[in-house]
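Structural description and commentary
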Amino acid sequence: MRRILVVDDDADLRMTVASALTEGQYIVEQAADGEEAVNRVRAKSFDLVLMDVNMPRLSGIEALKEIKAHDPSIMVIILTAYSNIRDAIEATRLGAYNYLEKPVKSENLVYMIDQAFKSQNMVKSLSYSAPVFNLPSGNEFVGQSNEMKKIFSVIDRLARVDTAVLIRGESGTGKELVAQSLHYSGPRKDNRFVAINCSAIPESLMESEFFGHEKGAFTGADSRKIGKFQYAEGGTLFLDEIGEIPASMQVKLLRVLQEKKFTPVGSNREIEMNVRIVAATNRNLEVMIKDGSFREDLFYRLNVLPIQLPPLRERKNDIESLSKYFTDKFNQRYQKKIRGVSDEALALLKAHRWPGNIRELENVMEHAFVLEMEEMITIDSLPEKIRNIAVATPIGSVNSGLVSGAILKTGTTTDSDDDIEEVNLSAHADSSEVSMDGSAMSFRMSVQKFDFQASKEEFEKQFLIEALRVFKGKINQTAIHANIPKKTLLRKLEKYGIIAKDYNND
Ligand SMILES: Nc1ncnc2c1ncn2[C@@H]1O[C@H](COP(=O)(O)OP(=O)(O)OP(=O)(O)O)[C@@H](O)[C@H]1O
Ligand SMILES: [Mg+2]
(Lines give C-alpha, C1' and ligand atoms only; values in the text may rest on other atoms or scores of the structure.)
(Ligands and ions follow the chains in the order given, each with its own letter.)
Protein backbone atom coordinates (compact mmCIF):
# COMPACT_ATOMS: atom_id res chain seq x y z
CA MET A 1 0.00 0.00 0.00
CA ARG A 2 1.20 3.52 -0.77
CA ARG A 3 2.50 5.60 2.09
CA ILE A 4 1.63 9.26 2.38
CA LEU A 5 3.05 11.75 4.87
CA VAL A 6 0.93 14.80 5.75
CA VAL A 7 3.00 17.70 7.06
CA ASP A 8 1.43 20.82 8.56
CA ASP A 9 1.79 22.67 11.86
CA ASP A 10 -1.98 22.99 11.94
CA ALA A 11 -3.19 19.78 13.58
CA ASP A 12 -6.80 20.32 12.43
CA LEU A 13 -5.74 20.62 8.84
CA ARG A 14 -3.62 17.47 9.14
CA MET A 15 -6.60 15.56 10.45
CA THR A 16 -8.91 16.83 7.71
CA VAL A 17 -6.44 15.90 5.00
CA ALA A 18 -5.64 12.53 6.56
CA SER A 19 -9.29 11.61 6.89
CA ALA A 20 -9.94 12.51 3.25
CA LEU A 21 -7.28 10.01 2.32
CA THR A 22 -7.24 6.90 4.44
CA GLU A 23 -10.27 4.90 3.31
CA GLY A 24 -8.16 1.75 3.21
CA GLN A 25 -6.28 2.94 0.14
CA TYR A 26 -3.25 4.49 1.71
CA ILE A 27 -1.19 4.40 4.85
CA VAL A 28 -1.19 7.96 6.14
CA GLU A 29 1.20 9.41 8.69
CA GLN A 30 1.56 12.93 10.01
CA ALA A 31 4.35 15.34 10.91
CA ALA A 32 4.03 18.75 12.56
CA ASP A 33 6.89 20.59 10.87
CA GLY A 34 9.54 20.40 8.17
CA GLU A 35 12.19 18.93 10.39
CA GLU A 36 9.98 16.13 11.62
CA ALA A 37 8.99 15.46 8.00
CA VAL A 38 12.60 15.12 6.88
CA ASN A 39 13.38 12.80 9.77
CA ARG A 40 10.44 10.59 9.00
CA VAL A 41 11.23 10.35 5.34
CA ARG A 42 14.78 9.37 6.19
CA ALA A 43 13.61 6.70 8.59
CA LYS A 44 10.92 5.11 6.48
CA SER A 45 10.02 5.13 2.83
CA PHE A 46 7.10 7.27 1.67
CA ASP A 47 5.64 7.53 -1.79
CA LEU A 48 4.16 10.96 -1.42
CA VAL A 49 4.41 13.94 0.93
CA LEU A 50 1.69 16.60 1.30
CA MET A 51 3.31 19.63 2.85
CA ASP A 52 2.56 23.12 4.06
CA VAL A 53 5.01 25.93 3.28
CA ASN A 54 5.11 28.08 6.40
CA MET A 55 6.08 25.92 9.32
CA PRO A 56 8.24 26.35 12.39
CA ARG A 57 11.77 24.87 12.59
CA LEU A 58 12.13 24.00 8.89
CA SER A 59 10.05 25.56 6.15
CA GLY A 60 8.28 23.51 3.52
CA ILE A 61 10.72 24.72 0.86
CA GLU A 62 13.77 23.66 2.86
CA ALA A 63 12.17 20.36 3.78
CA LEU A 64 11.32 19.77 0.12
CA LYS A 65 14.97 20.23 -0.85
CA GLU A 66 16.09 17.73 1.75
CA ILE A 67 13.43 15.20 0.92
CA LYS A 68 14.27 15.37 -2.79
CA ALA A 69 17.98 15.08 -2.02
CA HIS A 70 17.25 11.99 0.02
CA ASP A 71 15.02 10.33 -2.54
CA PRO A 72 14.09 12.10 -5.76
CA SER A 73 11.33 9.60 -6.48
CA ILE A 74 9.18 10.81 -3.56
CA MET A 75 6.37 12.97 -4.87
CA VAL A 76 5.74 16.18 -2.96
CA ILE A 77 2.54 18.19 -3.20
CA ILE A 78 2.63 21.60 -1.54
CA LEU A 79 -0.38 22.87 0.36
CA THR A 80 -0.46 26.62 0.48
CA ALA A 81 -2.54 29.67 1.24
CA TYR A 82 -3.16 31.94 -1.73
CA SER A 83 -0.88 34.56 -0.21
CA ASN A 84 2.05 32.14 -0.48
CA ILE A 85 1.48 31.10 -4.03
CA ARG A 86 4.94 32.35 -5.06
CA ASP A 87 6.51 29.89 -2.67
CA ALA A 88 4.45 27.13 -4.16
CA ILE A 89 5.65 27.99 -7.64
CA GLU A 90 9.22 28.04 -6.36
CA ALA A 91 8.54 24.61 -4.85
CA THR A 92 7.51 23.13 -8.19
CA ARG A 93 10.73 24.49 -9.63
CA LEU A 94 12.56 22.61 -6.89
CA GLY A 95 10.92 19.35 -7.77
CA ALA A 96 7.52 19.41 -6.09
CA TYR A 97 4.96 17.60 -8.21
CA ASN A 98 2.32 20.34 -7.85
CA TYR A 99 0.57 22.55 -5.31
CA LEU A 100 -2.93 22.88 -3.91
CA GLU A 101 -4.47 25.97 -2.47
CA LYS A 102 -5.84 26.01 1.05
CA PRO A 103 -8.52 25.42 2.08
CA VAL A 104 -7.97 22.05 0.48
CA LYS A 105 -11.02 20.49 -1.12
CA SER A 106 -10.98 16.77 -0.63
CA GLU A 107 -12.04 15.91 -4.19
CA ASN A 108 -9.22 18.06 -5.61
CA LEU A 109 -6.78 16.44 -3.25
CA VAL A 110 -7.82 12.92 -4.11
CA TYR A 111 -7.70 13.69 -7.82
CA MET A 112 -4.24 15.23 -7.64
CA ILE A 113 -2.85 12.34 -5.63
CA ASP A 114 -4.32 9.94 -8.10
CA GLN A 115 -2.65 11.78 -10.97
CA ALA A 116 0.63 11.95 -9.08
CA PHE A 117 0.68 8.20 -8.56
CA LYS A 118 -0.22 7.59 -12.16
CA SER A 119 2.73 9.61 -13.35
CA GLN A 120 4.98 7.99 -10.75
CA ASN A 121 3.94 4.61 -12.11
CA MET A 122 4.66 5.73 -15.63
CA VAL A 123 8.11 6.89 -14.68
CA LYS A 124 8.79 3.62 -12.91
CA SER A 125 7.59 1.53 -15.79
CA LEU A 126 9.58 3.65 -18.21
CA SER A 127 12.71 3.01 -16.27
CA TYR A 128 12.18 -0.72 -16.57
CA SER A 129 10.38 -0.31 -19.85
CA ALA A 130 9.08 -3.74 -20.59
CA PRO A 131 5.54 -4.73 -21.42
CA VAL A 132 3.67 -6.29 -18.54
CA PHE A 133 3.59 -10.05 -18.92
CA ASN A 134 1.62 -10.71 -15.74
CA LEU A 135 4.32 -12.91 -14.31
CA PRO A 136 3.53 -14.67 -11.07
CA SER A 137 5.19 -13.90 -7.74
CA GLY A 138 5.82 -10.27 -8.59
CA ASN A 139 8.59 -11.01 -11.07
CA GLU A 140 9.11 -8.53 -13.85
CA PHE A 141 10.75 -8.88 -17.19
CA VAL A 142 13.15 -5.97 -17.39
CA GLY A 143 14.91 -4.61 -20.41
CA GLN A 144 15.15 -1.49 -22.48
CA SER A 145 17.84 -2.44 -24.96
CA ASN A 146 16.77 -2.82 -28.56
CA GLU A 147 17.66 -6.50 -28.35
CA MET A 148 15.20 -7.04 -25.52
CA LYS A 149 12.51 -4.86 -27.07
CA LYS A 150 12.58 -7.19 -30.06
CA ILE A 151 12.26 -10.19 -27.77
CA PHE A 152 9.32 -8.60 -25.94
CA SER A 153 7.45 -8.02 -29.15
CA VAL A 154 8.11 -11.59 -30.28
CA ILE A 155 6.82 -12.91 -26.94
CA ASP A 156 3.80 -10.70 -27.24
CA ARG A 157 2.94 -12.19 -30.62
CA LEU A 158 3.81 -15.79 -29.77
CA ALA A 159 1.79 -15.74 -26.57
CA ARG A 160 -1.38 -15.72 -28.62
CA VAL A 161 -0.70 -18.85 -30.65
CA ASP A 162 -0.30 -22.51 -29.73
CA THR A 163 2.79 -23.43 -31.71
CA ALA A 164 5.79 -24.95 -29.95
CA VAL A 165 8.53 -22.49 -29.08
CA LEU A 166 12.20 -23.21 -28.57
CA ILE A 167 14.00 -20.72 -26.34
CA ARG A 168 17.74 -20.61 -26.64
CA GLY A 169 20.31 -18.65 -24.75
CA GLU A 170 23.18 -18.94 -22.32
CA SER A 171 22.59 -19.89 -18.73
CA GLY A 172 20.88 -17.17 -16.73
CA THR A 173 19.64 -15.13 -19.69
CA GLY A 174 15.99 -15.47 -18.69
CA LYS A 175 14.79 -18.48 -20.66
CA GLU A 176 12.38 -19.55 -17.96
CA LEU A 177 11.10 -15.99 -17.69
CA VAL A 178 10.32 -16.04 -21.41
CA ALA A 179 8.47 -19.33 -21.02
CA GLN A 180 6.42 -17.91 -18.16
CA SER A 181 5.73 -14.72 -20.09
CA LEU A 182 4.45 -16.73 -23.04
CA HIS A 183 2.11 -18.58 -20.74
CA TYR A 184 0.88 -15.82 -18.46
CA SER A 185 0.17 -13.30 -21.17
CA GLY A 186 -1.63 -15.73 -23.45
CA PRO A 187 -5.06 -17.41 -23.46
CA ARG A 188 -3.79 -20.37 -21.39
CA LYS A 189 -2.94 -18.22 -18.40
CA ASP A 190 -5.77 -19.52 -16.24
CA ASN A 191 -4.51 -23.08 -16.57
CA ARG A 192 -1.23 -24.44 -15.28
CA PHE A 193 2.30 -23.57 -16.23
CA VAL A 194 4.26 -26.76 -15.53
CA ALA A 195 8.04 -26.84 -15.74
CA ILE A 196 10.12 -29.99 -16.09
CA ASN A 197 13.86 -29.84 -15.87
CA CYS A 198 14.84 -32.64 -18.23
CA SER A 199 18.37 -32.81 -16.86
CA ALA A 200 17.15 -33.53 -13.35
CA ILE A 201 15.10 -36.64 -14.04
CA PRO A 202 16.79 -40.04 -14.29
CA GLU A 203 16.20 -41.70 -17.63
CA SER A 204 14.38 -44.63 -16.07
CA LEU A 205 11.73 -42.38 -14.52
CA MET A 206 11.37 -39.91 -17.33
CA GLU A 207 8.59 -41.60 -19.25
CA SER A 208 6.45 -41.96 -16.16
CA GLU A 209 7.20 -38.37 -15.14
CA PHE A 210 6.06 -37.12 -18.54
CA PHE A 211 3.11 -39.39 -19.22
CA GLY A 212 2.20 -40.93 -15.85
CA HIS A 213 1.78 -44.62 -15.09
CA GLU A 214 -0.83 -47.17 -14.11
CA LYS A 215 -0.68 -48.94 -10.78
CA GLY A 216 1.77 -51.83 -11.01
CA ALA A 217 3.24 -50.63 -14.30
CA PHE A 218 6.73 -51.24 -12.93
CA THR A 219 8.34 -52.21 -9.65
CA GLY A 220 7.60 -49.47 -7.16
CA ALA A 221 4.56 -48.14 -9.02
CA ASP A 222 2.17 -48.89 -6.18
CA SER A 223 -0.44 -46.42 -7.23
CA ARG A 224 -1.59 -44.72 -10.38
CA LYS A 225 0.10 -41.47 -11.13
CA ILE A 226 -0.67 -38.76 -13.64
CA GLY A 227 2.19 -37.33 -15.62
CA LYS A 228 3.18 -33.75 -16.28
CA PHE A 229 1.48 -33.68 -19.69
CA GLN A 230 -1.84 -34.46 -18.09
CA TYR A 231 -1.23 -32.16 -15.18
CA ALA A 232 -0.59 -29.28 -17.59
CA GLU A 233 -3.80 -29.95 -19.56
CA GLY A 234 -5.06 -26.71 -21.05
CA GLY A 235 -1.89 -24.93 -20.02
CA THR A 236 1.79 -24.87 -20.93
CA LEU A 237 4.46 -27.50 -20.39
CA PHE A 238 7.94 -26.04 -20.16
CA LEU A 239 10.61 -28.58 -21.06
CA ASP A 240 13.74 -27.00 -19.67
CA GLU A 241 17.16 -28.29 -20.75
CA ILE A 242 15.60 -30.17 -23.64
CA GLY A 243 19.09 -30.94 -24.95
CA GLU A 244 19.48 -33.39 -22.06
CA ILE A 245 16.67 -35.78 -22.89
CA PRO A 246 17.80 -39.27 -23.81
CA ALA A 247 17.27 -40.69 -27.30
CA SER A 248 14.45 -43.01 -26.19
CA MET A 249 12.44 -40.08 -24.86
CA GLN A 250 13.15 -37.95 -27.90
CA VAL A 251 11.21 -40.42 -30.05
CA LYS A 252 8.29 -40.48 -27.63
CA LEU A 253 8.18 -36.73 -27.35
CA LEU A 254 8.22 -36.37 -31.11
CA ARG A 255 5.25 -38.68 -31.37
CA VAL A 256 3.30 -36.69 -28.78
CA LEU A 257 4.06 -33.45 -30.57
CA GLN A 258 2.85 -34.92 -33.85
CA GLU A 259 -0.22 -36.75 -32.64
CA LYS A 260 -1.24 -34.70 -29.61
CA LYS A 261 -1.80 -37.95 -27.74
CA PHE A 262 0.18 -40.00 -25.26
CA THR A 263 -0.06 -43.30 -23.41
CA PRO A 264 0.74 -43.60 -19.69
CA VAL A 265 3.27 -46.29 -18.80
CA GLY A 266 1.56 -49.66 -18.36
CA SER A 267 -1.68 -48.44 -19.91
CA ASN A 268 -3.25 -49.28 -23.22
CA ARG A 269 -5.39 -46.18 -23.27
CA GLU A 270 -4.30 -43.16 -25.26
CA ILE A 271 -4.97 -39.78 -23.77
CA GLU A 272 -5.57 -36.75 -25.92
CA MET A 273 -3.81 -33.68 -24.83
CA ASN A 274 -4.13 -29.95 -25.26
CA VAL A 275 -0.87 -28.60 -23.96
CA ARG A 276 1.38 -25.97 -25.38
CA ILE A 277 5.02 -27.06 -25.46
CA VAL A 278 7.73 -24.55 -24.76
CA ALA A 279 11.27 -25.90 -24.62
CA ALA A 280 14.56 -24.32 -23.67
CA THR A 281 18.21 -25.16 -23.96
CA ASN A 282 21.63 -23.65 -23.68
CA ARG A 283 23.16 -26.48 -25.69
CA ASN A 284 24.12 -26.17 -29.32
CA LEU A 285 21.47 -28.46 -30.77
CA GLU A 286 22.85 -28.16 -34.31
CA VAL A 287 26.12 -29.70 -33.15
CA MET A 288 24.19 -32.34 -31.23
CA ILE A 289 22.24 -33.19 -34.37
CA LYS A 290 25.50 -33.60 -36.28
CA ASP A 291 26.97 -35.94 -33.70
CA GLY A 292 23.72 -37.87 -33.48
CA SER A 293 22.73 -37.03 -29.92
CA PHE A 294 19.67 -34.96 -30.82
CA ARG A 295 17.03 -35.96 -33.35
CA GLU A 296 16.74 -33.63 -36.26
CA ASP A 297 13.00 -34.26 -36.68
CA LEU A 298 12.35 -33.35 -33.06
CA PHE A 299 14.46 -30.24 -33.47
CA TYR A 300 12.35 -29.07 -36.40
CA ARG A 301 9.16 -29.72 -34.49
CA LEU A 302 10.32 -27.63 -31.57
CA ASN A 303 12.16 -25.00 -33.50
CA VAL A 304 9.13 -23.75 -35.44
CA LEU A 305 9.37 -20.50 -33.54
CA PRO A 306 12.78 -19.97 -32.02
CA ILE A 307 13.61 -17.22 -29.56
CA GLN A 308 17.29 -16.49 -29.07
CA LEU A 309 18.08 -14.57 -25.89
CA PRO A 310 21.17 -12.41 -26.16
CA PRO A 311 23.74 -12.66 -23.37
CA LEU A 312 23.87 -9.73 -20.97
CA ARG A 313 27.27 -8.58 -22.22
CA GLU A 314 25.66 -7.84 -25.58
CA ARG A 315 23.04 -5.60 -24.05
CA LYS A 316 24.84 -3.63 -21.42
CA ASN A 317 22.20 -0.92 -21.68
CA ASP A 318 20.02 -3.17 -19.60
CA ILE A 319 22.40 -3.31 -16.67
CA GLU A 320 21.23 -0.04 -15.19
CA SER A 321 17.53 -0.85 -15.32
CA LEU A 322 18.14 -4.39 -14.08
CA SER A 323 20.13 -3.06 -11.15
CA LYS A 324 17.27 -0.67 -10.32
CA TYR A 325 14.84 -3.53 -10.51
CA PHE A 326 16.94 -5.73 -8.23
CA THR A 327 17.38 -2.79 -5.84
CA ASP A 328 13.60 -2.58 -5.45
CA LYS A 329 13.31 -6.32 -5.14
CA PHE A 330 15.99 -6.68 -2.45
CA ASN A 331 14.88 -3.57 -0.56
CA GLN A 332 11.64 -5.42 -0.03
CA ARG A 333 13.25 -8.73 0.73
CA TYR A 334 15.80 -7.35 3.18
CA GLN A 335 13.75 -4.46 4.52
CA LYS A 336 16.41 -2.00 3.45
CA LYS A 337 16.24 1.45 1.93
CA ILE A 338 19.11 1.35 -0.49
CA ARG A 339 18.64 4.01 -3.15
CA GLY A 340 20.56 2.47 -5.98
CA VAL A 341 24.01 1.75 -7.29
CA SER A 342 26.73 4.42 -7.16
CA ASP A 343 28.08 5.64 -10.50
CA GLU A 344 31.42 3.99 -9.85
CA ALA A 345 29.85 0.66 -8.97
CA LEU A 346 27.58 0.85 -11.99
CA ALA A 347 30.57 1.45 -14.24
CA LEU A 348 32.14 -1.71 -12.89
CA LEU A 349 28.94 -3.66 -13.38
CA LYS A 350 28.91 -2.51 -16.97
CA ALA A 351 32.52 -3.52 -17.45
CA HIS A 352 32.05 -7.08 -16.20
CA ARG A 353 31.55 -9.81 -18.75
CA TRP A 354 28.68 -11.59 -16.96
CA PRO A 355 29.25 -15.20 -17.97
CA GLY A 356 26.30 -16.14 -15.72
CA ASN A 357 24.17 -13.37 -17.23
CA ILE A 358 21.21 -11.95 -15.30
CA ARG A 359 21.31 -14.66 -12.68
CA GLU A 360 24.87 -13.66 -11.91
CA LEU A 361 23.90 -9.98 -11.75
CA GLU A 362 21.05 -10.86 -9.43
CA ASN A 363 23.45 -12.76 -7.16
CA VAL A 364 25.96 -9.92 -7.18
CA MET A 365 23.24 -7.44 -6.23
CA GLU A 366 21.98 -9.69 -3.48
CA HIS A 367 25.50 -10.16 -2.13
CA ALA A 368 25.93 -6.36 -2.13
CA PHE A 369 22.62 -5.87 -0.34
CA VAL A 370 23.65 -8.12 2.46
CA LEU A 371 26.96 -6.33 2.91
CA GLU A 372 26.06 -2.73 2.20
CA MET A 373 25.66 -0.47 5.21
CA GLU A 374 25.43 2.76 3.23
CA GLU A 375 22.43 4.01 1.33
CA MET A 376 23.94 3.27 -2.06
CA ILE A 377 25.59 0.12 -3.37
CA THR A 378 29.25 1.07 -3.53
CA ILE A 379 32.26 -0.62 -5.04
CA ASP A 380 33.27 -2.03 -1.67
CA SER A 381 30.24 -4.25 -1.43
CA LEU A 382 30.75 -5.76 -4.86
CA PRO A 383 32.48 -9.13 -5.04
CA GLU A 384 36.18 -9.12 -5.69
CA LYS A 385 35.90 -10.44 -9.24
CA ILE A 386 34.06 -7.24 -10.13
CA ARG A 387 35.93 -4.81 -7.91
CA ASN A 388 39.10 -5.86 -9.60
CA ILE A 389 37.93 -5.17 -13.12
CA ALA A 390 39.66 -1.80 -13.39
CA VAL A 391 41.74 -2.48 -16.46
CA ALA A 392 43.96 0.22 -17.69
CA THR A 393 47.32 1.19 -18.87
CA PRO A 394 48.54 4.71 -18.38
CA ILE A 395 48.95 6.58 -21.60
CA GLY A 396 49.60 10.12 -22.53
CA SER A 397 50.64 12.69 -20.12
CA VAL A 398 49.62 14.86 -17.33
CA ASN A 399 46.12 15.55 -16.42
CA SER A 400 46.97 17.79 -13.61
CA GLY A 401 44.01 18.88 -11.66
CA LEU A 402 42.23 17.99 -8.54
CA VAL A 403 41.78 14.39 -7.89
CA SER A 404 39.52 12.72 -5.46
CA GLY A 405 40.00 9.19 -6.62
CA ALA A 406 39.59 7.29 -9.78
CA ILE A 407 36.13 7.20 -11.14
CA LEU A 408 35.54 4.41 -13.54
CA LYS A 409 33.75 5.20 -16.70
CA THR A 410 32.95 2.56 -19.22
CA GLY A 411 34.15 3.64 -22.55
CA THR A 412 32.89 2.53 -25.86
CA THR A 413 33.08 -1.17 -25.48
CA THR A 414 34.84 -3.17 -28.05
CA ASP A 415 33.14 -5.89 -29.94
CA SER A 416 31.50 -8.05 -27.39
CA ASP A 417 32.98 -11.21 -28.80
CA ASP A 418 36.24 -10.27 -27.24
CA ASP A 419 36.99 -11.91 -24.02
CA ILE A 420 37.80 -8.70 -22.30
CA GLU A 421 36.23 -5.43 -22.97
CA GLU A 422 37.51 -1.96 -23.13
CA VAL A 423 37.18 0.20 -20.11
CA ASN A 424 38.12 3.80 -19.81
CA LEU A 425 39.37 4.98 -16.54
CA SER A 426 39.70 8.61 -16.04
CA ALA A 427 40.67 10.50 -12.99
CA HIS A 428 37.80 12.54 -11.78
CA ALA A 429 38.32 16.07 -10.74
CA ASP A 430 36.36 17.68 -8.01
CA SER A 431 36.89 20.21 -5.33
CA SER A 432 39.22 18.19 -3.13
CA GLU A 433 42.12 20.28 -1.88
CA VAL A 434 44.90 18.11 -3.10
CA SER A 435 46.26 18.50 -6.56
CA MET A 436 47.97 15.87 -8.61
CA ASP A 437 51.53 16.57 -9.19
CA GLY A 438 51.98 15.47 -12.64
CA SER A 439 52.03 12.03 -14.00
CA ALA A 440 49.45 10.43 -16.13
CA MET A 441 46.06 9.98 -14.59
CA SER A 442 44.17 9.48 -17.77
CA PHE A 443 44.01 5.94 -18.94
CA ARG A 444 42.79 4.26 -22.00
CA MET A 445 43.31 0.79 -23.03
CA SER A 446 43.00 -1.19 -26.14
CA VAL A 447 42.57 -4.62 -24.80
CA GLN A 448 43.64 -6.84 -27.60
CA LYS A 449 47.24 -5.73 -27.34
CA PHE A 450 47.54 -6.45 -23.65
CA ASP A 451 47.18 -9.14 -21.14
CA PHE A 452 44.20 -8.41 -18.92
CA GLN A 453 45.62 -9.43 -15.56
CA ALA A 454 48.97 -7.82 -16.23
CA SER A 455 47.40 -4.57 -17.44
CA LYS A 456 45.08 -4.42 -14.51
CA GLU A 457 47.86 -4.92 -12.05
CA GLU A 458 50.05 -2.41 -13.79
CA PHE A 459 47.29 0.18 -13.58
CA GLU A 460 46.63 -0.49 -9.92
CA LYS A 461 50.27 -0.23 -9.12
CA GLN A 462 50.71 3.05 -10.99
CA PHE A 463 47.57 4.45 -9.48
CA LEU A 464 48.63 3.61 -5.95
CA ILE A 465 52.11 5.03 -6.40
CA GLU A 466 50.64 8.19 -7.86
CA ALA A 467 48.12 8.54 -5.07
CA LEU A 468 50.77 7.95 -2.41
CA ARG A 469 52.98 10.56 -3.98
CA VAL A 470 50.16 13.09 -3.93
CA PHE A 471 49.14 12.30 -0.39
CA LYS A 472 52.71 12.13 0.78
CA GLY A 473 52.68 8.49 1.72
CA LYS A 474 49.94 8.95 4.29
CA ILE A 475 47.78 5.85 4.33
CA ASN A 476 44.65 7.36 5.85
CA GLN A 477 44.62 10.36 3.56
CA THR A 478 45.32 8.26 0.50
CA ALA A 479 42.53 5.90 1.41
CA ILE A 480 40.04 8.70 1.92
CA HIS A 481 40.92 10.94 -1.00
CA ALA A 482 41.58 8.21 -3.52
CA ASN A 483 38.40 6.48 -2.41
CA ILE A 484 39.98 3.13 -1.58
CA PRO A 485 38.95 1.29 1.57
CA LYS A 486 41.94 1.33 3.89
CA LYS A 487 42.02 -2.43 4.15
CA THR A 488 42.06 -2.79 0.38
CA LEU A 489 44.78 -0.19 0.13
CA LEU A 490 47.03 -1.97 2.62
CA ARG A 491 46.44 -5.30 0.97
CA LYS A 492 47.31 -3.93 -2.45
CA LEU A 493 50.43 -2.15 -1.20
CA GLU A 494 51.60 -5.40 0.26
CA LYS A 495 50.75 -7.25 -2.92
CA TYR A 496 52.78 -4.88 -5.05
CA GLY A 497 55.57 -4.42 -2.54
CA ILE A 498 55.01 -0.68 -2.37
CA ILE A 499 56.33 1.04 0.75
CA ALA A 500 54.15 4.01 1.59
CA LYS A 501 56.86 5.79 3.56
CA ASP A 502 59.02 5.97 0.42
CA TYR A 503 56.64 8.61 -0.84
CA ASN A 504 56.77 10.81 2.18
CA ASN A 505 59.04 13.62 1.10
CA ASP A 506 58.29 15.90 4.05
N1 LIG B 1 15.15 -9.49 -18.13
C2 LIG B 1 15.05 -9.87 -16.85
N3 LIG B 1 14.43 -9.08 -15.95
C4 LIG B 1 14.34 -9.44 -14.66
N5 LIG B 1 14.83 -10.57 -14.16
C6 LIG B 1 15.43 -11.42 -15.01
C7 LIG B 1 15.57 -11.11 -16.39
N8 LIG B 1 16.21 -12.14 -16.99
C9 LIG B 1 16.46 -13.03 -16.04
N10 LIG B 1 16.00 -12.62 -14.83
C11 LIG B 1 16.14 -13.32 -13.55
O12 LIG B 1 17.39 -13.98 -13.60
C13 LIG B 1 17.29 -15.30 -13.08
C14 LIG B 1 17.65 -16.29 -14.17
O15 LIG B 1 16.66 -16.31 -15.17
P16 LIG B 1 16.10 -17.68 -15.78
O17 LIG B 1 15.99 -18.72 -14.72
O18 LIG B 1 14.88 -17.37 -16.56
O19 LIG B 1 17.32 -18.00 -16.74
P20 LIG B 1 17.59 -19.28 -17.63
O21 LIG B 1 17.99 -18.76 -18.97
O22 LIG B 1 16.43 -20.20 -17.55
O23 LIG B 1 18.88 -19.89 -16.95
P24 LIG B 1 19.40 -21.44 -16.95
O25 LIG B 1 19.83 -21.75 -18.35
O26 LIG B 1 20.56 -21.39 -16.03
O27 LIG B 1 18.27 -22.27 -16.48
C28 LIG B 1 15.87 -15.45 -12.58
O29 LIG B 1 15.82 -15.12 -11.22
C30 LIG B 1 15.10 -14.42 -13.39
O31 LIG B 1 13.96 -13.99 -12.70
MG1 LIG C 1 16.35 -22.06 -16.63
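See above for the structure.
Description of the structure in this document. (Residues numbered from 1 in each chain as written. Chains lettered and ligands numbered in written order. Predicted model: local features only at pLDDT ≥ 70, side-chain atom pairs only at ≥ 80, totals over all residues.)

In terms of regular secondary structure, the protein is built from 19 helices and 19 strands. Sorting the 506 residues of the protein into buried and exposed places 34% on the buried side. Put simply, of all contacts in the protein between residues at least 6 apart along the chain, 70% involve residues at least 24 apart. (Helix = DSSP H or I, 4+ residues; strand = E, 2+ residues; numbered from the N terminus. Buried ≥ 20, exposed ≤ 12 C-beta atoms within 10 Å, placed from the backbone. Contact = placed C-beta atoms within 7 Å.)

A separate point is the sheet that holds strand E2 (residues 26-31). In spatial order, the strands read E2-E1-E3-E4-E5; together these five strands make up an open sheet with parallel pairing. Looking at strand neighbours, the two that pair on one side only are E2 and strand E5 (98-101), the edges of this open sheet. This sheet shows a mean twist of 20° between the axes of neighbouring strands, independent of strand direction. Of the pairings in the sheet, the one linking strand E3 (residues 48-52) to strand E4 (residues 75-80) comprises five bridges and is parallel in character. What sits directly across from valine 49, in E4, is valine 76. Of the strands in this sheet, E3 and E4 touch helix H3 (residues 60-70), which is tilted by about 160° from E3. (Pairing = 2+ DSSP bridges. Axes fitted to C-alpha atoms, helices over the stretch in contact; angles between N-to-C directions.)

Between its first and last C-alpha atoms helix H6 (residues 146-158) spans 18 Å; for 13 residues at 1.5 Å apiece the expected length is 18 Å, and the two agree. Every buried residue of H6 is accounted for by Met148, Ile151, Ile155 and Leu158. Down the axis of H6, the smallest arc covering the buried residues is 85°, so these residues share one side. Facing away from the buried side of H6 by over 90 degrees, the exposed positions are Asn146, Ser153 and Arg157. (Expected span 1.5 Å × (residues − 1). Arc of directions from axis to C-beta.)

Now for the site of ligand 1. Taken together, 19 residues lie near ligand 1, and Val142, Gly174, Lys175, Glu176 and Ile358 sit nearest. Going through the elements one at a time, helix H7 (175-184), helix H13 (318-334) and helix H15 (357-371) are the ones with two or more residues in the shell around ligand 1. For the shell around ligand 1, the residue count by class is six nonpolar, eight polar and five charged. For the shell around ligand 1, the two domains that each supply at least three residues are domain 2 (136-310) and domain 3 (313-387). (Near = placed C-beta within 6 Å. Nonpolar A, V, L, I, M, F, W, Y, C, P; charged D, E, K, R; others polar. Domains from an automatic or database assignment.)

Another aspect to go through is H7. An α-helical turn contains 3.6 residues, so any two residues separated by three or four positions project in the same direction. H7 sits mainly inside the fold: seven of its ten residues count as buried. The complete set of buried residues in H7 reads Lys175, Val178, Ala179, Gln180, Ser181, Leu182 and His183. The elements touched by buried residues of H7 are H6, strand E6 (165-168), strand E7 (193-197), strand E10 (236-240), strand E13 (276-281) and strand E14 (305-308).

With that out of the way, let us pick up the packing of H13 against H15. The N-to-C vectors of H13 and H15 enclose an angle of 45°; their axes lie 10 Å apart at closest approach. On the basis of their axis angle, the class for H13 and H15 is oblique. In the packing of H13 onto H15, the handedness of the crossing is right-handed. For the pair formed by H13 and H15, the contact residues are Leu322, Ser323, Phe326, Phe330 and Tyr334 on the first element and Ile358, Leu361, Glu362, Met365, Glu366 and Phe369 on the second. Here the residues of the contact of H13 with H15 sort into eight nonpolar, one polar and two charged. (Parallel < 35°, antiparallel > 145°, perpendicular 65-115°, else oblique. Left-handed = near helix turned anticlockwise from the far one by under 90°.)

A few words now on the sheet that holds E6. In a beta sheet, neighbouring strands are held together by backbone hydrogen bonds and run either parallel or antiparallel to one another. Ordered in space as E7-E10-E13-E6-E14, the five strands form an open sheet in which the pairing is parallel. Looking along the sheet, the strands with just one partner apiece sit at the ends: E7 and E14. The average angle at which neighbouring strand axes cross in this sheet is 20°, direction not considered.

Another point: unusual backbone geometry. Going from lysine 102 to proline 103, the amide bond is cis rather than trans, its omega being -5°. Assignment of secondary structure puts proline 103 in the loop between E5 and helix H5 (106-128). Positive phi, normally seen in glycine, also occurs at glutamate 241, with a value near 55°. Mapped onto the secondary structure, glutamate 241 falls in the loop between E10 and helix H10 (247-259). With phi around 50°, lysine 472 is a residue other than glycine that occupies positive phi space. In this structure, lysine 472 sits in the loop between helix H17 (452-470) and helix H18 (475-481).

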